[in-house]
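A structural walkthrough
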Amino acid sequence: MNQHAKVDIRHSTCPHDCPSACALDIEVIDGRSIGRVRGSKQQTYTAGVVCAKVARYAERIHHPDRLLYPMRRTGPKGSGQFARISWDEALDEIAARFDQAEHEFGAQSVWPYYYAGTMGLVMRDGINRLANVKKYSRFYSTICANVARIGFAIGTGKIAGVDPREMAVSDLVVIWGTNPVNTQVNVMTHAMRARKERGARIAAIDVYNNDTMKQADIKILLKPGTDGAFACGVMHVLFREGYADRAYMDRYTDCPDELEAHLATRTPEWASAISGVPVEEIEAFARLVGQTKRAFFRLGYGFTRSRNGAAQMHAALCIPAVTGAWQHEGGGAFFNNFAIWRFDESIIEGHDALDRTTRWLDQSQIGRILTGDAEALKGGPPVKAMLIQNTNPMTVAPEQALVRQGFAREDLFMVVHEQFMTETAAMADIVLPATMFMEHDDLYYGGGHQHISVGAKLIDPPGECRSNHEVLQGLGRRLNAVHPGFEMSPRELIDATLKKSGHGDIASLEADLWRDIQPDFRTSHYLDGFAHADKKFHFKADWANPPFGNPGLGPWAQMPALPDHWTIIEEADEAHPFRLATSPSRSFLNTSFNETPSSIAREGKPSVMMHPDDAGKLGLADGDTVTLGNVRGETNLTVKLFDGLRRGVLIAESIQPNKAHLGGRGINMLTGAEAVAPVGGAAFHDNKVWVKKATSAA
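Turning our eyes to something else, we now look at the overall build of the protein chain. Helix and strand content of the protein chain: 26 helices and 25 strands. Relative to the globule expectation of 26 Å for 698 residues, the C-alpha radius of gyration of the protein chain, 25 Å, shows essentially globular dimensions. Considering only C-alpha atoms, the protein chain reaches an extent of 75 × 65 × 60 Å along its principal axes. Counting over 698 residues, the protein chain shows a buried share of 64%. Within the protein chain, contacts between residues at least 6 apart in sequence are counted, and of these 75% link residues at least 24 apart. Of the roughly 24500 Å² of accessible surface on the protein chain, a fraction of 49% belongs to carbon and sulfur atoms. With 75 positive and 82 negative side-chain charges, the protein chain shows a spacing of 2 Å between the two charge centroids.

Below, the structure is given as C-alpha cells:
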C-alpha cells in the first residue's frame, strides 16, 4: 500500500486545431495512464506554457464517457440507441454498404469527410488515400484556413513570415483579428516578454474587448468586417504624414504610387464612418506604427471569417510593407508558417492514385450536399455513404438546418469514428471508437511556429479503441483498396514521409524531440525579395490567379485589387439590426473539450454578449433568454450585458452542443455556407440577425 506509482516524463506535441501545437511534457503513470501535462521548456516557442484545457488532459483521455467499442444503430437516427458489435462485424458491414453505394450510384456517391480533430499528418490525412484509391468523392477543406491563407499569400507570394519568436524583440506587437489568450496562448508569452524586457507596447485590434484586448496597451475596437477600412485609414495617415518608407517600397513593392493615389480618399474620417473607430484613434495608431520600426503584426484567422475576409487580411498585411517594418528584427508580419514544412504526403494520401477528374465536394456545404443541391453536388450523384473522422459537422458546420435534414436521411449510410458520442456520432449507423493522440504515433508541425516533431504512442488505448490508420487499413483490405500506405504502420509512414520530404528519418527527428526549421533572417524577412515571380510584395492583388486552392469561387471578380473596404459583408438591415460574430471560447476548442467537466463549468450556458444600450432598447436584462434569428434559422442564448463592443454588434463565444441550447438548436443555425471568394471558405463571423426575448416554449 505504501508503494509509489512510477511516474515517467515523456514528450509529445498537442495535436488539436491550434497554431501553437504546443510541445508537451507528460506524466506517464505506471505506463498505463497520464497525470499532469505541462508545456515543455525545451522547445523555444512553447517556452514552458500550455493552455489550461490541455494541462487538464487527463480529464479527457480518462473520461468515463469515452467510446470503447464499435456499435450499430438500433433505433431512429439521433435516438442514441446502439448495440455493441465486433470490429469485424462493423468493418464488414461498412465495406458492404460502401460497395453497394458504388454499385448503384457510382464510386463518387461515397464521401470520406474529415477535418482537424487531430493535426497529425498520418491520422488526419490518411483518409484521402482511401478516397483516391477508390475514386470516391474528394474532400475540399474550406471550414477554417483558406480565406486567411489566400489573403496573406496574395501579398507575400507564400504562407510564411517572420520568426514568431521575434515578437519578444519587438517594440510594438500588433495582435490583429485573433484572441490568443483563448486560442494560441504562446503568442502572449512572447508579446509579454517584449513588454517586460523592452518596454514594448501591445496593440489589439478586434470586434470586442476580449481577454487579449484586456491585456493590451492599445485597444482598437471595430465593427465586424471593417478591418479593411481601418487598415486603409491607417495607411492614408502613413502616406500623408511622411511615415511611408518610400525607399523600401520602391525596391520591394509593386505599385506604391498607385496605392498612395488610391488611398487619398480613404481618410480616417472615411474609415471611422465604416469601422466605428474614432478618427483620433486611427491617427494615433498610424503614428505609433509609423514611428516604431520594430512593429510586429501578428495576424489571425478571426477577422478573415467574413465574406470579405481575404481582402481584409491583405489590407492589414500591406501596412508593414508601407512602413518597411519587414527590414527590422522584431518587425514585419506573421500569420502561419505553412510554406516552410514541405511535407511530401504522397504515401499518406495516395497521390499516385489521385484522379483529378473525380469531383471534390466543399466541406462547408455539407448541408447543401446532403440535401441534394445539384450545384453543391457538382452535377454528380447523391452522397449515399460517408466515413467521418476528426470532426463534428452536426455542430460545427454552417447552415445547420440543412445539415440536420441531410443527416436525418434514412437512405444515407453514415459511419462516425469518434472518441465521444458527439451529436454527429449520435446520427450514425455505425459508430467506431477512436484513440487519442497519446495512444498512437503521429507526425506534427506547428502552424504558428517552426517546429516539427514525432508524437509517440505513450499508453495503450482503453477498450477496443483503434486509430484512424487502423480503421483505414481494415476498410482498405475489405474494399480491395490496394496501396502501399495501407500495408505500413504509422511509424513506417512517418519515416517514409520524412525521407521523401528531406527531413531525415524518424529516429533522427525523435532524437531532436522538436526540430526547429525556421528559415534564416533574410529569407523570413523577404530581404532578397518576396515569393512572387517579380520578387515584389503585391499591393495589387491578382485574385484571379491565386497561388493555391480552387480558384473562381464566390464573387471573386468583384474583389478590390488594392486594399479597400469590400462591401460584400452581410450588413445589418431593418429586419436584422444586429451583426453577429461567433468567436472562440477559452475552454472549448471548436467542439473538442465539450465533454470535459472543468471546461463545461467555466463556460456555463450558451450566451451572447450585447451592449447595455442595445439591451435597454429591447427591454432586456442580464440573464434573460433571447432568440436570435435570420433566414437560416434560430437559436436561443442567455444575454450577457457587455459594453466592450460597438452598438449593434453581438458576440457568441464558443460552439456549445446543440442540446445545450434551449430548444436544441445551436449557434450554427445562423451561419451561412456561401463560398467566400476567391478560393472558398466559411464566413462564421459575418451574420445579420434579429433579437427578441425568448418565449417559454422556445
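Another point: the pattern of salt bridges. Enumeration according to the criterion identifies 49 salt bridges in this entry. The residue Arg491 makes a salt bridge to Asp441 at a minimum N-O spacing of 3.8 Å. Here Arg491 is found in helix α22 (residues 490–500), whereas its partner Asp441 is found in the loop between β16 (430–433) and β17 (442–445), with 50 residues between them in sequence. Since its relative accessible area comes to 32%, Arg491 is described here as partly exposed. A salt bridge links Asp512 to Arg515, with the shortest nitrogen-to-oxygen separation between them at 2.7 Å. Residue class for Asp512 comes out partly exposed when judged on its relative accessible area of 38%. Residues joined by salt bridges that share partners form a network here, namely Arg307, Arg368, Glu399, Glu570, Arg579, Arg632, Glu674 and Asp686.

Here the focus is the environment of Gly681. Its location among the elements puts Gly681 in the loop between β24 (649–651) and β25 (687–693). Spatially, the C-alpha atoms of Gly681 and Arg305 are 7.9 Å apart, while their sequence positions differ by 376 residues. The residues contacting Gly681, other than those within four sequence positions of it, are Thr142, Val147, Ser364, Glu674, Ala675 and Val676.

A few words on the side chain of Thr358. Note that Thr358 resides in the loop between α16 (346–349) and β13 (360–362). Not counting chain neighbours up to four residues away, the residues in contact with Thr358 comprise Gln108, Lys135, Tyr136, Ser137 and Arg138.

With that settled, consider the pairing of strand β18 (residues 451–455). Within β18, five of the five residues are buried, which leaves it mostly tucked inside the rest of the structure. Side chains His451, Ser453 and Gly455 project from β18 onto one buried face, and the interleaved Ile452 and Val454 project onto a second face that is buried too. Relative to β18, β17 runs antiparallel, the two being bridged by four bridges. In the strand pairing of β18, Asp442 is matched with Gly455.

Our next topic: the packing of aromatic side chains. Tallying each qualifying case throughout the model produces 22 aromatic pairs. Among the aromatic residues, those joined into a ring-pair cluster are Trp326, Tyr526, Phe530, Phe537 and Phe539. Against the face of Trp360 rests Lys378, its NZ or CZ located 3.9 Å from the ring centre.

Turning next to the sheet that holds strand β15 (residues 413–418). Pairing is mixed in the open sheet, where six strands are placed in the order β5-β4-β16-β15-β14-β6. Looking at the sheet topology across the chains shown, the edges are occupied by β5 (82–84) and β6 (110–114). In this sheet, adjacent strand axes meet at a mean angle of 20 degrees when their direction is disregarded. Strand direction decides the pairing type here: strand β4 (residues 71–73) and β16, joined by two bridges, are antiparallel. Across the sheet, Met71 pairs through a bridge with Val431, a residue of β16.

This next bit is on helix α5 (residues 127–134). With respect to burial, α5 is a largely interior element, eight of its eight residues being buried. Listing the buried residues of α5 in full gives Ile127, Asn128, Arg129, Leu130, Ala131, Asn132, Val133 and Lys134. Among the residues trailing α5, Lys135 stands out with phi positive, at a value near 60 degrees.

In this section: the environment of Ser592. Considering the arrangement of structural elements, one finds Ser592 in the loop between β20 (578–581) and α25 (597–603). Taking the C-alpha atoms as reference, Ser592 lies 9.3 Å from Asp17; in sequence the two are 575 residues apart. Those residues in contact with Ser592 that sit more than four places away from it in its chain are His16 and Arg60.

Closest axis-to-axis distance for the helix α9 (residues 227–240)/helix α13 (residues 279–291) pair is 9 Å, and the angle between their directions is 60 degrees. Put simply, α9 runs oblique to α13. Pair α9 / α13 crosses with right-handed handedness. Across from Phe230, Gly233, Val234, Val237, Leu238 and Arg240 in α9, the residues of α13 making contact are Ile282, Glu283, Phe285, Ala286, Arg287 and Gly290. Taken together, the residues that form the contact of α9 with α13 break down as seven nonpolar, two polar and three charged.

Turning our attention to the sheet that holds strand β12 (residues 332–334). Across the sheet, which stays open at both edges, the five strands sit in the order β10-β9-β8-β11-β12 with parallel pairing between neighbours. Looking along the sheet, the strands with just one partner apiece sit at the ends: β10 (218–221) and β12. On average, each strand axis in the sheet is tilted by 15 degrees relative to the strand beside it, whichever way the strands run. Here strand β8 (residues 172–176) runs beside strand β9 (residues 201–206); their pairing, made up of five bridges, is parallel. Residue Val174 lies in a different strand from β9, and its bridge partner there is Ala203.

In a disulfide, the sulfur atoms of two cysteines are held together by a covalent bond. The full count for this structure, using the stated rule, is zero disulfides. In this model Cys465 remains outside any disulfide bridge; the closest cysteine sulfur is found in Cys14, 19 Å from its own. On the basis of relative accessible area, Cys465 is assigned to the buried category, the value being 6%.

Moving on, we come to the packing of helix α6 (residues 146–156) against helix α14 (residues 309–323). Put simply, α6 and α14 touch, their axes get as near as 7 Å, and they point 40 degrees apart. Classed by the angle they form, the pair α6 and α14 counts as oblique. The two elements α6 and α14 meet at a crossing, and its hand is right-handed. For the pair α6 and α14, the contacting residues are Val147, Ala148, Ile150, Gly151, Phe152, Ile154, Gly155 and Thr156 in the first and Gly309, Ala310, Met313, His314 and Leu317 in the second. A per-class count over the contact of α6 with α14 returns eight nonpolar, five polar and no charged.

Over its 14 residues, α9 runs 20 Å from end to end, which matches the ideal 20 Å to within 8%, given 1.5 Å per residue. Most of α9 sits out of view: 13 of its 14 residues are buried. Where α9 terminates, the next one or two residues include Gly242, which has phi positive at roughly 85 degrees.

In this section: the pairing of β6. β6 sits mainly inside the fold: five of its five residues count as buried. Neither face of β6 is left uncovered, since the one carrying Val110, Pro112 and Tyr114 and the one carrying Trp111 and Tyr113 both have all their residues buried. In this sheet, strand β14 (residues 385–389) lies alongside β6 in parallel orientation, the contact comprising five bridges. Bridging from a neighbouring strand, Tyr113 pairs with Ile388 of β14.

Each value, and the rule that gives it
- Residues numbered from 1 in each chain as written.
- Predicted model: local features only at pLDDT ≥ 70, side-chain atom pairs only at ≥ 80, totals over all residues.
- Heavy atoms only, no water.
- Helix = DSSP H or I, 4+ residues; strand = E, 2+ residues; numbered from the N terminus.
- Rg over C-alpha atoms; globule rule 2.2 N^0.38 Å.
- Buried < 20%, exposed > 50% of the residue type's maximum accessible area, 1.4 Å probe, protein only.
- Contact = heavy atoms within 4.5 Å.
- Areas by Shrake-Rupley, 256 points an atom, 1.4 Å probe, with all protein chains shown as cover.
- Lys, Arg positive; Asp, Glu negative; His and termini not counted.
- Charge placed at Lys NZ, Arg CZ, Asp CG, Glu CD.
- Salt bridge = Lys/Arg side-chain N within 4 Å of Asp/Glu carboxyl O.
- Pairing = 2+ DSSP bridges.
- Phe/Tyr/Trp six-rings, centres within 6.5 Å; stacked < 30°, edge-to-face > 60°.
- Lys NZ or Arg CZ within 6 Å of the ring centre and 35° of its normal.
- Axes fitted to C-alpha atoms, helices over the stretch in contact; angles between N-to-C directions.
- Parallel < 35°, antiparallel > 145°, perpendicular 65-115°, else oblique.
- Left-handed = near helix turned anticlockwise from the far one by under 90°.
- Nonpolar A, V, L, I, M, F, W, Y, C, P; charged D, E, K, R; others polar.
- Disulfide = S-S within 2.5 Å.
- Expected span 1.5 Å × (residues − 1).

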